[in-house]
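Each chain, letter by letter, is given below.
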Amino acid sequence: MSKNIKRILVTGAVGQIGSELTLALRKRYGAENVVATGRKTAPSKELAESGPFYYIDVTKRASLDVVIRRHEIDTVFHMAAILSAVGEKNPQMCWDVNMNGTINVLEAARDYEMARVIIPSSIAAFGPETPRDNTPQETVLKPRTMYGVTKVAGELLTDYYVRRFGVDARGLRYPGIISAETLPGGGTTDYAVEIYYKAVEQGSYKCFVRADTALPMMYMPDCIKATMDLAEADQSKLRHYSDFNVGAMSFTAGELAANIAGHVPGFTCTYEPDFRQKIADSWPTSLDDSAARQEWGWAPAWDLDAMTVDMLAKLRARHEKGELYKGAAAE
Ligand code: AKB
């Protein structure tokens, strides 16, 4: 029987997903019961003022323990990670943060007999030998990036802690996540976010992958829903733990640009692929997420056009207030 989630710690709470997830968790579980943590970047006013915030280093177990003890934490959403593009620039740091952070969180969950830990994985767990279209749940996992290596190792480690120590740990393979609040910090799918900012600010964008690059993507409200729904799922119904494929939409960079142009008259996009092209080419174009649908009822709500309308409305409002690019790339 799963224990109830009561007091939550979010690592990486200043990052793209962590910042919105923390606010959603505070709404659901009460602001004082959701402790946000980050490494260096200052939290937004809303994040800092809506509940507890600490600076911690997830690679240092003692740093985690102070907050866990002080707030009697029983659940961790472990969002702190070095993403694919930054990871290729500094693979050793990527290994250190992603692997030591993950094992520290799992060990803490074991020592404090926590109710739950959520440790996300990514489509970066796949590689060029993986079938790219409708990528199956069970398939070849031979990534070519250090980020991907840490995601596969993290999935295996998480499943090990579930089976060996009875820790209730869960994870999902995030596709590229698109959002209007906090910019992503150093991933390959960042172009799908930047393009909206540039469309609003400048009416043009220079994209770092080719127009025909297709990747699975998801809008932030679906990402938050997926993460919270998996956390709250009945454990007895789960056949998988750390590695759920979750799909929402798939499009090429060219299709994304054309969709935005339909809402931003005169918008133009040029393409100048850099080192991230090779990473994008090694990832799936779309995902088979039937395990997530069957085991915990996953169903996305947002498609490309609805997302574009919402993104542009939010970014235009922030642009008018002079707020765009304020909360860039959290660490
Ligand atoms: C990245 O591009 O590195 C991330 C991811 C797909 O995990 N957005």
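Before reading further, recall that the structure is shown in the block above.
Keep in mind it's a predicted model, so treat the numbers as computed, not measured. (Residues numbered from 1 in each chain as written. Predicted model: local features only at pLDDT ≥ 70, side-chain atom pairs only at ≥ 80, totals over all residues. Heavy atoms only, no water.)

Caption draft 1: The sheet that holds strand β7 (residues 169-170), seen in detail. Pairing within the open sheet is parallel, and its 6 strands lie in the order β3-β2-β1-β4-β5-β7. The open sheet has two edge strands, β3 (53-55) and β7, and neither has a second partner. When strand β1 (residues 8-11) meets strand β4 (residues 75-78), the two strands line up parallel, connected through 4 bridges. Residue pairing in the sheet places Leu 9 in a bridge with Val 76 of β4. Here helix α5 (residues 91-111) sits on the sheet and contacts β4, β5 (116-118) and β7; the angle it forms with β4, its principal contact strand, is near 170°. (Pairing = 2+ DSSP bridges. Helix = DSSP H or I, 4+ residues; strand = E, 2+ residues; numbered from the N terminus. Contact = heavy atoms within 4.5 Å. Axes fitted to C-alpha atoms, helices over the stretch in contact; angles between N-to-C directions.)

Caption draft 2: Broad picture of the site of the ligand. For the ligand, the full set of nearby residues is Leu 83, Ser 84, Ser 122, Ile 123, Tyr 147, Gly 187, Thr 188, Thr 189 and Trp 283. Within the side chain of Tyr 147, one N or O atom sits 2.8 Å away from an oxygen atom of the ligand. Across the complex, the protein chains shield 93% of the 250 Å² of accessible surface that the ligand would expose by itself. Classifying every residue of the shell around the ligand by side-chain character gives 4 nonpolar, 5 polar and no charged. Residue assignment places the shell around the ligand across two domains, with domain 1 (8-176 + 219-245) and domain 2 (181-218 + 250-283 + 302-320) each supplying three or more. (Near = heavy atom within 4 Å. Polar contact = N/O pair within 3.5 Å; in protein donor to acceptor, adjacent residues only side chain to side chain. Areas by Shrake-Rupley, 256 points an atom, 1.4 Å probe, with all protein chains shown as cover. Nonpolar A, V, L, I, M, F, W, Y, C, P; charged D, E, K, R; others polar. Domains from an automatic or database assignment.)

Caption draft 3: Expanded view of the pattern of salt bridges. Here the structure, examined in full by the defined rule, presents 21 salt bridges. Put simply, Lys 237 and Asp 234 hold a salt bridge, and the shortest N to O gap is 3.5 Å. Linked by salt bridges that have partners in common, Arg 61, Asp 65 and Asp 111 make up one network. (Salt bridge = Lys/Arg side-chain N within 4 Å of Asp/Glu carboxyl O.)

Caption draft 4: Structural context of the side chain of Thr 135. Mapping Thr 135 onto the fold places it in the loop between β6 (121-122) and α6 (146-165). Of note is the side chain of Thr 135, whose polar atom sits 3.3 Å from the backbone oxygen of Arg 132. With residues up to four places along the chain from it excluded, the contact list for Thr 135 reads Phe 126, Thr 130, Asn 245, Pro 284, Ser 286, Leu 287 and Asp 288.

Caption draft 5: Layout of the side chain of Ser 19. Structurally, Ser 19 can be placed in helix α1 (residues 16-29). Here Gln 16 takes part through its backbone oxygen, which lies 3.3 Å from a polar atom of the side chain of Ser 19. With sequence-adjacent residues up to four places away left out, Ser 19 is seen in contact with Ala 13, Val 14, Leu 47 and Thr 182.

Caption draft 6: Local environment of the environment of Leu 64. Within the fold, Leu 64 resides in helix α3 (residues 61-70). Between the C-alpha atoms of Leu 64 and Val 105, which are 41 residues apart in sequence, the distance is 7.9 Å. Residues contacting Leu 64, with those up to four places away along its chain left out, are Leu 9, Thr 11, Ile 56, Val 58, Asn 104 and Val 105.

Caption draft 7: Local environment of the nonpolar core. Val 117, Ile 178, Tyr 191, Tyr 196 and Trp 296 are the most contacted members of the largest nonpolar core, which totals 103 residues. Considering each element in turn, this core owes the most residues, 8 residues, to helix α7 (residues 191-201). In terms of domain composition, this core takes at least three residues from each of domain 1 (8-176 + 219-245) and domain 2 (181-218 + 250-283 + 302-320). Non-local contacts of Trp 296, meaning those with residues more than four positions away in its chain, are made with Leu 172, Ala 226, Asp 229, Leu 230, Ala 233, Leu 238, Phe 244, Val 246 and Ala 291. (Core = buried A, V, L, I, M, F, W, Y, C linked by side-chain atoms within 4.5 Å. Buried < 20%, exposed > 50% of the residue type's maximum accessible area, 1.4 Å probe, protein only.)

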